[in-house]
Amino acid sequence: MTILGIDPGLGLMGYGAIEKLKNGTLVPIDYGVVETPKDEPLPVRLAVLEKGINMILEKFRPDEIAVEELFFVNNITTGIPVAHARGVTLLTCYKYCQKLYEYTPGQVKQAITGYGNADKGQMIRVVTAMLRLKAKPRPDDAADGLAVAICHANTSRFSGEFGIK
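Residues numbered from 1 in each chain as written. Predicted model: local features only at pLDDT ≥ 70, side-chain atom pairs only at ≥ 80, totals over all residues. Heavy atoms only, no water.

**A word on the overall build of the chain**
Across its full length, the chain carries five helices and five strands. Listed by position from the N terminus, the elements making up the chain come as β-β-β-α-β-α-β-α-α-α. By the burial criterion, 45% of the 165 residues in the chain qualify as buried. Taking all contacts inside the chain whose residues are at least 6 apart in sequence as the whole, residues at least 24 apart take part in 62%. (Helix = DSSP H or I, 4+ residues; strand = E, 2+ residues; numbered from the N terminus. Buried < 20%, exposed > 50% of the residue type's maximum accessible area, 1.4 Å probe, protein only. Contact = heavy atoms within 4.5 Å.)

**Looking at helix H5 (residues 140–155)**
Three- or four-residue spacings in an α-helix give side chains the same orientation, since the helix completes a turn every 3.6 residues. Taking 1.5 Å of rise per residue, the 16 residues of H5 would be expected to cover 22 Å, and the 22 Å separating its terminal C-alpha atoms lies within 8% of that figure. With 14 of its 16 residues buried, H5 lies for the most part within the structure. (Expected span 1.5 Å × (residues − 1).)

**Let's talk about the side chain of threonine 2**
Looking at where threonine 2 falls in the secondary structure, it is placed in strand S1 (residues 2–7). Ignoring anything within four residues of it in the chain, the contact list for threonine 2 reads Ile18, Glu19, Ile29, Phe60, Arg61, Pro62, Asp63 and Glu64.

**Details of the environment of cysteine 97**
Along the chain, cysteine 97 turns up in the loop between helix H2 (76–96) and strand S5 (100–103). The exposure class of cysteine 97 is buried, given its relative accessible area of 8%. Measuring from C-alpha to C-alpha, the distance between cysteine 97 and isoleucine 65 comes to 7.5 Å, with 32 residues separating the pair along the chain. Residues in contact with cysteine 97, not counting those within four places in the same chain, are Pro62, Asp63, Glu64 and Ile65.

**Digging into the pattern of salt bridges**
Tallied over the full model, the rule gives four salt bridges. One salt bridge connects lysine 120 with aspartate 144, and the closest N-O pair in it is separated by 2.7 Å. On the criterion of sequence distance, the pair formed by lysine 120 in helix H4 (residues 120–130) and aspartate 144 in helix H5 is long-range, its members being 24 residues apart. The class for lysine 120 is partly exposed, based on a relative accessible area of 38%. We classify aspartate 144 as buried; its relative accessible area is 13%. (Salt bridge = Lys/Arg side-chain N within 4 Å of Asp/Glu carboxyl O.)

**Let's talk about the sheet that holds S1**
Across the sheet, which stays open at both edges, the five strands sit in the order S3-S2-S1-S4-S5 with mixed pairing between neighbours. Sheet topology places strand S3 (26–35) and S5 at the edges, where each strand pairs with a single neighbour. Going across the sheet, the axis of each strand differs from the next one's by a mean of 20 degrees, ignoring polarity. In the sheet, S1 pairs with strand S4 (residues 64–68) via four bridges, with the strands oriented parallel. Looking across to S4, one finds that glycine 5 is bridged to alanine 66. (Pairing = 2+ DSSP bridges. Axes fitted to C-alpha atoms, helices over the stretch in contact; angles between N-to-C directions.)

**Looking at the packing of aromatic side chains**
Going through the model one piece at a time under the given rule, you end up with one aromatic pair. With 6.2 Å between their ring centres and 40 degrees between their planes, tyrosine 15 and phenylalanine 60 make a pair best called tilted. Of this pair, tyrosine 15 sits in strand S2 (residues 12–20) while phenylalanine 60 sits in helix H1 (residues 42–60), placing them 45 residues apart in sequence. Residue classification places tyrosine 15 among the buried residues on the basis of a relative accessible area of 10%. Judged by relative accessible area, phenylalanine 60 falls into the buried class, the value being 11%. (Phe/Tyr/Trp six-rings, centres within 6.5 Å; stacked < 30°, edge-to-face > 60°.)

**Examining the nonpolar core**
Residues Leu4, Ile6, Met13, Ile56 and Ile65 are the most contacted members of the largest nonpolar core, which totals 21 residues. Residue assignment for this core shows that the elements contributing at least two residues are S1, S2, H1, S4 and H2. In this structure methionine 13 touches Ile6, Asp7, Pro8, Gly32, Val33, Val34, Leu49, Ile53, Ile56 and Thr89, once residues within four positions along its chain are discounted. (Core = buried A, V, L, I, M, F, W, Y, C linked by side-chain atoms within 4.5 Å.)

Right, here's the structure in full:
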């Protein structure tokens, strides 16, 4: 089963594609980011994002897609453009594959490290080790995409709890 994990963002949207073998082994396929031009208006950036997601979907043909939910700490205003990007991400992915699942940042951290408040460094080290990567995935957004995919792979037996209804 091919799983695509997405860390939504407007400037950088991280993704990670993995294969979950029948024996439960997770094999990395690819990871990276879709980057949008900072100097363009929001509608243009959203269109770039949609095009990038469609290219990823066509390339990897995932069976299931997992997306991280947004988490705002201080400033909701800066989160609104990211929410727009997440909306485009969800719509584009749902049109491709109705097996779409969402996880909170805490759920992803818990599934990867066993600790829901793990820091970025811990997450990257564990993702690197779990997938037996030769180097840490860069940028961090790509590592986050892989983490979301791993989270789903390890919790997919409970997928009814996390799927889009």
